[in-house]
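# Residue-level structure breakdown
In case you want the letters, here they are:
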Amino acid sequence: MSMGHCSEQRPGFEVTKDWNGADQVAIRSPRGASVRVCLHGGQVVSWRNDRGEELLFTSSKAIFKPPRATRGGIPICFPQFGNCGTLEQHGFARNKIWTIDEEAPPLNYGDNNNKASVDLLLKPSEDDLKCWPHCFELRLRISLSMDGDLSLISRVRNVNGKPFSFAFAYHTYLSVSDISEVRIEGLETLDYLDNLSQRERFTEQGDAITFESEVDRVYVGSPGVIAVLDHEKKRTFIVRKEGLPDIVVWNPWEKKSKTMADFGDEEYKQMLCVDAAAVERAITLKPGEEWTGKLELSAVPSTNCSDHLDHPGRL
């Protein structure tokens, strides 16, 4: 997708137009890694390492047309995940135009050193308030570290007169070489809700999660660090999270892929969704309260990845 020609430079990031006329923000690290974020949905649509390799999956049949969320990248699911509620699938945040937040309040994380970042903001429109009558501010800071690690920090504030509850997920489409050569480590022995069996609860029996058919699960009470190992590429994604107790694992496999208009029939082989999420139990905020959820993604050569798993406190 071409970046278009209209652009303006700002500190740390550049704002351009995509070919639909939607604003995109590009962030680059000095070593060459980059992230692109579409203001439609506040959605990360590209994350490349310093060799220019794309680390996120986007379907070749993705529809880049508001108000529809693009199939790929990292859509933001808020205030609903899936169809567990009265709103549209995965809530409305991924279908709205976000703004660049020039006056974002400071974060309590001491992690702003050597990071290029952009702050985005979503507030409800009159229409949003009709279908979900709660006043909120949803802030999203997207950062790229010197090493090319991608971090997303979301803050939801209740600016309402009464409490409200919501679900949240970073619906992360990882790019993999061959799904049958991929395994996830860090979810062993956990309970999961199986969306293919009416959300029935099971306990994970395997040493690692591997893929040979459709998977759609919510692993509950998951650890702060998990690893997604791509055997063929000899690359490991390290997923670190805070404030997001669940991990959703999804691959549509062959049959389901054929039913999705914006997804190629064979593309399930090149993707895996691993979502840091809070979906099993809703988050409730009293008036004035704020919730924070953080995701950090690293892509490292597989030989180095055990160091990351041994030190979950690195977040």
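- The name given to the protein in an unreviewed UniProt entry is glucose-6-phosphate 1-epimerase, with Urochloa decumbens as the source organism.
- Under Sequence similarities (unreviewed entry), UniProt gives the following word-for-word description of the protein: "Belongs to the glucose-6-phosphate 1-epimerase family."

### What to know about the pattern of salt bridges
- Applying the stated criterion to the full structure yields 19 salt bridges.
- Residue Asp128 is joined to Lys96 by a salt bridge in which the shortest nitrogen-to-oxygen separation is 2.9 Å. Note that Asp128 is positioned in helix α1 (residues 126-131) and Lys96 in the loop between β6 (76-77) and β7 (99-100), a separation of 32 residues in sequence.
- With a shortest N-O distance of 3.0 Å, Glu280 and Arg201 are connected by a salt bridge. Residue Glu280 is located in strand β21 (residues 271-285), and its partner Arg201 is located in strand β15 (residues 200-203); the two are separated by 79 residues in the primary sequence.
- Taking the relative accessible area as the measure of exposure, Glu280 reaches 26% and is therefore partly exposed.
- Look at the salt bridges and you will find they share partners, linking Asp50, Arg51, Glu53 and Arg235 into a network.

### Brief notes about the pairing of β15
- Relative to β15, strand β14 (residues 191-194) runs antiparallel, the two being bridged by four bridges. Directly across from Asp194, in β15, lies its bridge partner Glu200.
- Joining the antiparallel neighbours β14 and β15 is a turn of five residues, in which Gln198 adopts a positive phi near 50°.

### A look at the UniProt feature "binding site: substrate" (unreviewed entry) in the protein
- According to UniProt, the feature "binding site: substrate" (unreviewed entry) maps to Arg71, Gln89 and Arg94 in the numbering used here. In three dimensions, the annotated residues from a span of 24 residues occupy one location, with a maximal C-alpha spread of 13.0 Å.
- Taking the relative accessible area as the measure of exposure, Arg71 reaches 18% and is therefore buried.
- By the secondary structure assignment, Arg94 is in the loop between β6 and β7.
- In this structure Arg94 comes out as buried when scored by relative accessible area, which is 16%.

### A word on the nonpolar core
- Counting 74 residues, the largest nonpolar core has Phe78, Ile142, Phe166, Tyr170, Ile184 and Phe211 as the members making the most contacts within it.
- Ranked by the residues each element gives to this core, the list is headed by β21, at eight residues.
- Excluding anything up to four places from it in sequence, Phe78 contacts His90, Gly91, Phe92, Ala93, Trp132, Phe136, Leu138, Val156, Phe166, Ala167 and Phe168.
- Core analysis: the second largest hydrophobic core is formed by 10 residues, Ala169, Leu193, Ala277 and Val279 among them.

### A word on the sheet that holds strand β22 (residues 290-301)
- One open sheet accounts for nine strands, arranged β7-β8-β9-β10-β22-β19-β18-β13-β16; its pairing is antiparallel. Each edge of the sheet is formed by a strand with only one pairing partner; in this case those strands are β7 and β16 (209-210).
- As paired strands, β7 and strand β8 (residues 115-122) are joined by two bridges and run antiparallel to one another. In the sheet register, Ile100 faces β8, and the bridge partner there is Leu120.

Quick notes on the rules
Residues numbered from 1 in each chain as written. Predicted model: local features only at pLDDT ≥ 70, side-chain atom pairs only at ≥ 80, totals over all residues. Heavy atoms only, no water. UniProt positions renumbered as here; feature names shortened; annotations may be inferred. Salt bridge = Lys/Arg side-chain N within 4 Å of Asp/Glu carboxyl O. Helix = DSSP H or I, 4+ residues; strand = E, 2+ residues; numbered from the N terminus. Buried < 20%, exposed > 50% of the residue type's maximum accessible area, 1.4 Å probe, protein only. Pairing = 2+ DSSP bridges. Core = buried A, V, L, I, M, F, W, Y, C linked by side-chain atoms within 4.5 Å. Contact = heavy atoms within 4.5 Å.

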